[in-house]
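Here's the letter readout for the chains.
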Amino acid sequence: MAPPGGDKDIIPPELIEIIPPNGSTQFKGGRVELKFSEYLDENSLKNAIKIFPLLSNAPDIIFKGNRLFLEFSDSLPENQTIIIIINRNLADEHKIKVSKGLQIAYSTGESIDQGSIKGKIFYSKKGSVNLWKMQDDLDSLNYFNRIPDYVIDANDQGDFEFKYLSKGFYKIVAVDQSYAGVPILQDRTPYGLWWKPEIEIFGQNLENINIRIPEQKKGLGIVSAKSLGGKWGQILFFDNIDDVIDNFRVNIYYEDKTKAVTSIFKDPIDKKKINFIIDKMVDSNISVFIRNDIKSLNDTGYVKIKMDTTFDTTNIKIVHPFPKQVLKIENDSIVPLKVAFSNLIEISEDNRSFLLLEDSIPIKYNTSRESPLSVNITPIENWKPKKQYYLKIYQDSFSSDYSKGLKDSLITIPFSTKEYRGFGSLVIKSEMKFPNQMIAQLKPMDKNVSFFSSSVNSLGVINIEKLPEGDYKLFFFQDLDGDNSHSAGNFVPYQPSEWFQEYPDTVKIRTNWQMELDSVKINMKF
């Protein structure tokens, strides 16, 4: 019987010896030896080692277990700092990758260039940074269409550093790691720009060159679209569009180029979806154009949908509330109970569609039509905590042109309440005066929900009210385009990123407490 193995190796390989030493001058070519703490995976060498700037004769790479040999030509450019960059594709024999990108420099002259750029990528996935040294004025306009001059992978915390940079002007772009080292495809590459147009290097060490890559693609981020029968259709987006749907301009055209009369409305359940109804049924394609009127850049979307004139033959279902749901209630406002349906509905006007009970006692309520898919029910007097409620829905009060009606003549849905939700607040004061158009955003650390945000008030402070108890990350940005969200920049038309800064500590919000952050430092220097 074979002996049991030891603990699984999870320690990344480290570079432990370099010959000639890193930083050597008067380098005339020949062999460079790199020794690692672990035996390497030979298959991981592909695309793991890059030489910058690009040489006319790339070095041969020889694999020898835990050693790599790079054989350089003896005809290297004069007075040039040559950088060997090892990215995070390099792994040991156990498939454990290096923890960060590595840089080794030699000079064919008497000195090593000493300029450096250090910063952090803010991105939920693995990121890399592309860097271009500007050649001329035309290059500064089209640099992103060529292979970058330097590339480095950020570590797991997003930190990166370019070392040994020569004097000159540079452009920097953060990208998803799978797009590192290649020209930028604007419509496909997840990228973020810096908030300044360029970086000038003259031997200094620059820090806090921080870049954010947005989670969604450029534009509106349409994922899919479909017909739901008849005149009804639905569009799914990459991100939550609940707060911006009122800014959407939706134009729909039939195949004969005539414009449809269109109504759009929020989906009652999924905040990434919008629904639309057009003015006639067609068994053909329609073209949907969407624009966010608040965005100053190319925030548009287009999709083609094959409409289906057939109808759903199943009965309408109640998709919200679900049985035994707990309604989150508040002490200072009455939270409506949303009743959402699986299909478009018509509802009778006699207000006898529902019966609302507290235990067995009927209670008075008002109804409001939220959309063709939903109705809000609001009691005249506020919900009571820790109570059992029942909603009764009568079949004969509802009809649909798109589906069969409710299956049962009477549907009863039990739901309950707990204690009133508790809220806190946050007041933020800057060490200096807040810059113009400054926005603060809070995002819960343990929930996939929207940001809470606020701008500077007339007293020069930022006050965010009605925050549920919990731990938050705090993020500042300068909202120059006025759309209440951070813009990560654009190539064509060119627009740099909006300045941003992440507050280093976790913000802890507690019920019935006003938390104050005094003398927050806003650093817009670099």
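Keep in mind it's a predicted model, so treat the numbers as computed, not measured.

A. Main features of the side chain of serine 116. With respect to the helices and strands, serine 116 occurs in strand S8 (residues 115-122). Judged by relative accessible area, which is 5%, serine 116 ranks as buried. Sequence-distant contacts of serine 116, that is, excluding residues within four places in its chain, are made with Glu161, Phe162, Lys163, Leu165, Ile201, Gln204, Asn205 and Leu206.

B. Layout of empty space enclosed by the protein. Under the defined criterion, the tally for this structure stands at 1 cavity of 30 Å³ or more. Space inside the largest cavity adds up to approximately 60 Å³. Tyr143, Lys171, Ile172, Leu193, Trp194, Lys196, Pro197, Glu198, Ile199 and Tyr494 are the residues that line the largest cavity. For the lining of the largest cavity, the residue count by class is 7 nonpolar, no polar and 3 charged.

C. View of unusual backbone geometry. Here the amide bond leading from histidine 320 into proline 321 is cis, since omega sits at 0°, within 30 degrees of zero. Following the sequence through the fold, proline 321 ends up in the loop between strand S25 (318-320) and strand S26 (325-327). Positive phi, close to 65°, is recorded for asparagine 484, a residue that is not glycine. Here asparagine 484 shows up in the loop between strand S41 (470-478) and strand S42 (500-502).

D. Examining the layout of surface pockets more closely. In this structure, the second largest pocket encloses a volume near 460 Å³. Forming the walls of the second largest pocket are 22 residues, and the residues nearest its centre are Lys100, Gly101, Leu102, Gln103 and Lys163. Elements represented by at least two residues in the lining of the second largest pocket include exactly strand S1 (15-19), strand S7 (102-107), S8, strand S10 (150-153) and strand S11 (159-165). No other element matches the 4 residues that S11 contributes to the lining of the second largest pocket.

E. Structural view of the sheet that holds strand S17 (residues 222-229). The antiparallel open sheet is built from 4 strands, whose spatial order is S17-S18-S21-S20. Two strands lie at the open edges of the sheet, namely S17 and strand S20 (263-266), each paired on one side alone. Within the sheet, the average angular offset between the axes of one strand and its neighbour, ignoring direction, is 25°.

F. Representation of the nonpolar core within the structure. If you look at the biggest cluster of nonpolar residues, it comprises 48 residues, and the most contacted ones within it are Ile117, Phe162, Ile172, Ile428 and Phe476. For this core, the element with the most residues is S11, which contributes 4 residues. Ignoring anything within four residues of it in the chain, the contact list for isoleucine 428 reads Phe434, Ala440, Val461, Ile462, Leu474, Phe476, Leu517 and Val520.

G. Highlighting the sheet that holds strand S31 (residues 365-371). The sheet built from 4 strands is open, its strands ordered S25-S27-S32-S31 with antiparallel pairing. Because the sheet does not close on itself, it has two edges, and the strands there are S25 and S31. Each strand of the sheet is rotated relative to its neighbour by a mean of 30°, with strand direction disregarded. Note that S31 and strand S32 (residues 374-379) share 6 bridges and pair antiparallel. Looking across to S32, one finds that serine 371 is bridged to serine 374.

H. Main features of the pairing of strand S18 (residues 232-237). A large share of S18 lies buried, amounting to 5 of its 6 residues. With 6 bridges joining them, S17 and S18 adopt antiparallel strand pairing. The residue bridging lysine 226 from the neighbouring strand is glutamine 234, located in S18. Following S17, the chain reverses through 2 residues before pairing antiparallel with S18; glycine 230 in that reversal takes a positive phi of roughly 65°. As paired elements, S18 and strand S21 (residues 273-277) share 5 bridges and run antiparallel to each other. The partner of glycine 233 across the bridge, within S21, is phenylalanine 276.

I. Representation of the side chain of aspartate 267 in the model. Examined against the element boundaries, aspartate 267 turns out to sit in the loop between S20 and S21. There is no salt bridge for the buried aspartate 267, and the closest opposite charge comes from lysine 273, which lies 5.6 Å off by N-O distance. Polar contacts involving the side chain of aspartate 267 include one to the side chain of asparagine 275, which spans 3.2 Å. Beyond its immediate stretch of four places on either side in the chain, aspartate 267 contacts Gln234, Lys273, Asn275 and Leu373.

What counts, and at which threshold
- Residues numbered from 1 in each chain as written.
- Predicted model: local features only at pLDDT ≥ 70, side-chain atom pairs only at ≥ 80, totals over all residues.
- Heavy atoms only, no water.
- Helix = DSSP H or I, 4+ residues; strand = E, 2+ residues; numbered from the N terminus.
- Buried < 20%, exposed > 50% of the residue type's maximum accessible area, 1.4 Å probe, protein only.
- Contact = heavy atoms within 4.5 Å.
- 1 Å grid on protein atoms, 1.4 Å probe; cavity = no way out; pocket = protein on both sides within 12 Å on 5 of 7 lines; lining within 4 Å.
- Points joined across faces, edges and corners; volume = space filled by probe spheres on them.
- Nonpolar A, V, L, I, M, F, W, Y, C, P; charged D, E, K, R; others polar.
- Pairing = 2+ DSSP bridges.
- Axes fitted to C-alpha atoms, helices over the stretch in contact; angles between N-to-C directions.
- Core = buried A, V, L, I, M, F, W, Y, C linked by side-chain atoms within 4.5 Å.
- Lys, Arg positive; Asp, Glu negative; His and termini not counted.
- Salt bridge = Lys/Arg side-chain N within 4 Å of Asp/Glu carboxyl O.
- Polar contact = N/O pair within 3.5 Å; in protein donor to acceptor, adjacent residues only side chain to side chain.

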